Amino acid sequence: MRPFVYDRAATIDRAVQLGAHTASGQADAPVQFLAGGTTVLDLMKLDVMTPQTVIDITPLKPSLRTIETGPAGLRLGAGVTMAEAAGHDGVRTQYPVIADSLKLAASAQIRNMATLGGNVLQRTRCGYYRDPSWSRCNKRVPGSGCEALTGPNRNHAVLGVSKACIAQYPGDFAVALVALEAQVEVDGPDGRRTLPFEAVHRGPDQPHIEHSLKPGELITGFFVPPGAWTRSSLYLKIRDRASYEFAIASAAVALDLDGDVVRDVRIGLGGMAYRPWRAREAEALLKGEPLSEDAAEAAARAALKGAVTHEDNAYKPELGRRTLVRALLEAARMEA
Amino acid sequence: MDDQTKPPLRDGPSRRGLFGAFGLAAGALAAPPVAAAPTGSEGHAPVTLSVNGREHRLTLDVRTTLLDALREHMDLTGAKKGCDHGQCGACTVHVDGSRVLSCLTLAISAEGRKVVTIEGLAKDGELHPMQQAFIDHDGFQCGYCTPGQIMSAVACVQEGHAATDDDIREYMSGNLCRCAAYPRIVAAIRQARGQMGAA
């Protein structure tokens, strides 16, 4: 690990002030916030991230550690750990898709450490990104090329990819957030603002620019609007091991049924997309229709219609379709 | 790589050069034009850690992980360095009562928090029920992962995540055992679960 200046921020204002001294809010920025450390320290050891200053925001955690549930929706502080949110009664009963997405992610130790704010900004697991001995990686070294296009790419994305990058967004929680139309609250040098969670992660045209947060901006919380669909929601995660593994396909489904007719539905896909993926085409096909297996299959086909595969991940569109069909049918049973 | 003794920079081209565009920001960091006084530490810094009820006053390179601080600066070599990337669980310790990975925790970040390692588990020379259970059930072969397994297992029971064998397997999945002593580890946790509850 390269030398860095270690600093601590005891207040959000101080964190923002220190963080503002950076020309970019991205992974290559010279100033990085440190919360749980499970991504930043890992990537610093790998020499993928080489910040000159690390701002420890652990002292902020108490003020960012609140969970509020009620008729107005759900608010999750950015300093809440994955374990705390996954085990919260209100989250488990009112927003099971969120609790499931967190419980099925990482290990118990990592869930105790990692905060929700950091979790959504975790970096891809693309082996070429994580290993700087590969000189070509557009995400790490802008304009250098992409080894994954022709190298082993079994775990790479099929939705939302470009010729510049096919890295997969690895997280689960963000897939639930994108499905539930969550908002993100950030504090920064220009004050506080709220933006749709879907606007946080950017597309692959400039792979090194991963998110839309400005320099010095710190995620302070997430807001999930209420809806009849949040209770009948689930996260289905398909992976190579039964536990402690990233998804190769996943679906976040939230369903509001009137009898067997879909009044409303929200769908997010993970494990196969460049960024947390909302499957709007599938939602549109299902709305107002009876939720049969055929309807679920038609919706899943629509969701994966734009998939672009490479040599080793050609299995993903079919796996993704089956995952979504199963998730929809299981969510329908939750309502019964 | 030993953070304490090796020179910080490697041979070969520095990736810093790639960040030429951020030179301005780097300059600003050297003399931050902010109202509050800079408090940052570079190089070595005094770090006080509370480990197993004892206070340790150390001077550490700020890059030192809690794991390296325990092993190299406090002679507490129970916590093991397996992968050093948060993937294997061999370095598991308790910080403020919850199980965490000491390899992905900066020692300086652990200031003011209570750290418990495998060395702090036995009380008055008597093994913790989980330690005894691992012996009773032969829950290891080579033993390298065992301190991490035991620290994780104690927390697993305390969290209430050891009610069934499936729960134990799920909530212990962050501790790898390459000798594959898993069935015996599950049996050990099952035994200690009852004894810990009674304690």
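Residues numbered from 1 in each chain as written. Chains lettered and ligands numbered in written order. Predicted model: local features only at pLDDT ≥ 70, side-chain atom pairs only at ≥ 80, totals over all residues.

**With respect to the sheet that holds strand S11 (residues 261-270) of chain A**
Working definition: the strands of a sheet are paired by backbone hydrogen bonds and lie parallel or antiparallel to each other. Residues and elements named next belong to chain A. The antiparallel open sheet is built from 4 strands, whose spatial order is S9-S10-S11-S12. At either end of the open sheet lies a strand with only one pairing partner, and these are strand S9 (233-238) and strand S12 (277-278). Sheet analysis places S9 next to strand S10 (residues 249-258), joined by 6 bridges and oriented antiparallel. Residue pairing for S10: Ser 233 is matched across the bridge by Ala 254. Across the sheet, helix H5 (residues 96-103) lies against S9 and S10, angled at about 25° from S9, the strand it touches most. (Pairing = 2+ DSSP bridges. Helix = DSSP H or I, 4+ residues; strand = E, 2+ residues; numbered from the N terminus. Contact = placed C-beta atoms within 7 Å. Axes fitted to C-alpha atoms, helices over the stretch in contact; angles between N-to-C directions.)

**Examining the domain arrangement of chain B**
All names here are of chain B. You can read the domains of chain B as domain 1 (44-120) and domain 2 (129-198). The centre of domain 1, based on its C-alpha atoms, is set 21 Å off from the matching centre of domain 2. Residue-level contacts link 14 residues of domain 1 with 11 residues of domain 2. For the side of domain 1 that touches domain 2, the secondary structure elements donating two or more residues are strand S3 (92-95) and strand S4 (98-101). (Domains from an automatic or database assignment.)

**Some words on the pairing of strand S2 (residues 31-34) of chain A**
Residue and element names in this part refer to chain A. What you see with S2 is no split at all: Val 31 and Phe 33 on one side and Gln 32 and Leu 34 on the other are buried throughout. Alignment of S2 against strand S3 (residues 53-56), held across 4 bridges, turns out to be parallel. Counted as the bridge partner of Phe 33 is Ile 55 from S3. Handedness of the crossover joining S2 and S3 through helix H2 (residues 40-45) is recorded here as right-handed. (Buried ≥ 20, exposed ≤ 12 C-beta atoms within 10 Å, placed from the backbone. Right-handed = clockwise from strand over helix to strand, strands pointing away.)

**Brief notes about the confidence of the model for chain B**
Residue and element names in this part refer to chain B. Of all residues in chain B, 79% have pLDDT values of 70 or greater, and the mean over the chain is 85. Counted against residues more than four places away or in other chains, residues 1-38, with its pLDDT under 50, gives 42 contacts. Here the prediction assigns the complex a pTM of 0.91, and the interface score ipTM is 0.96. (pLDDT = per-residue confidence, 0-100.)

**Observations regarding the sheet that holds strand S4 (residues 67-70) of chain A**
Residues and elements named next belong to chain A. Read across the open sheet, the 5 strands follow the order S4-S5-S8-S6-S7; overall the sheet is antiparallel. The open sheet is flanked by S4 and strand S7 (191-196), the only strands paired with a single partner. Looking at each pair of strands side by side, their axes are set apart by 15° on average, direction ignored. Bridge count for S4 against strand S5 (residues 73-77) is 4 bridges, and the pairing is antiparallel. By the bridge assignment, Glu 68 is partnered in S5 with Arg 75.

**Here's the deal with the pairing of S11 of chain A**
All names here are of chain A. Burial of S11 is extensive: 7 of the 10 residues sit out of reach of the surface. As judged from the 9 bridges shared by S10 and S11, these two strands associate in the antiparallel manner. For Leu 257, the partnering residue across the bridge sits in S11 and is Val 262. Between the antiparallel neighbours S10 and S11 lie 2 residues, among them Gly 259 with a positive phi of about 70°. Two strands pair when backbone bridges link them, and S11 and S12 are joined in this way by 2 bridges, in the antiparallel orientation. Its bridge partner being in S12, Leu 269 is matched across the sheet by Trp 277. Where S11 hands over to S12, the hairpin turn is made up of 6 residues, of which Gly 271 adopts a positive phi near 70°.

**Side note on unusual backbone geometry**
All names here are of chain A. Positive phi, normally seen in glycine, also occurs at Ala 106, with a value near 55°. As for its placement among the helices and strands, Ala 106 is situated in the loop between H5 and helix H6 (108-113). Judged by the 26 C-beta atoms lying within 10 Å of it, Ala 106 is buried. In the Ramachandran plot, Tyr 244 falls in the positive-phi region, its phi being about 50° despite a non-glycine side chain.

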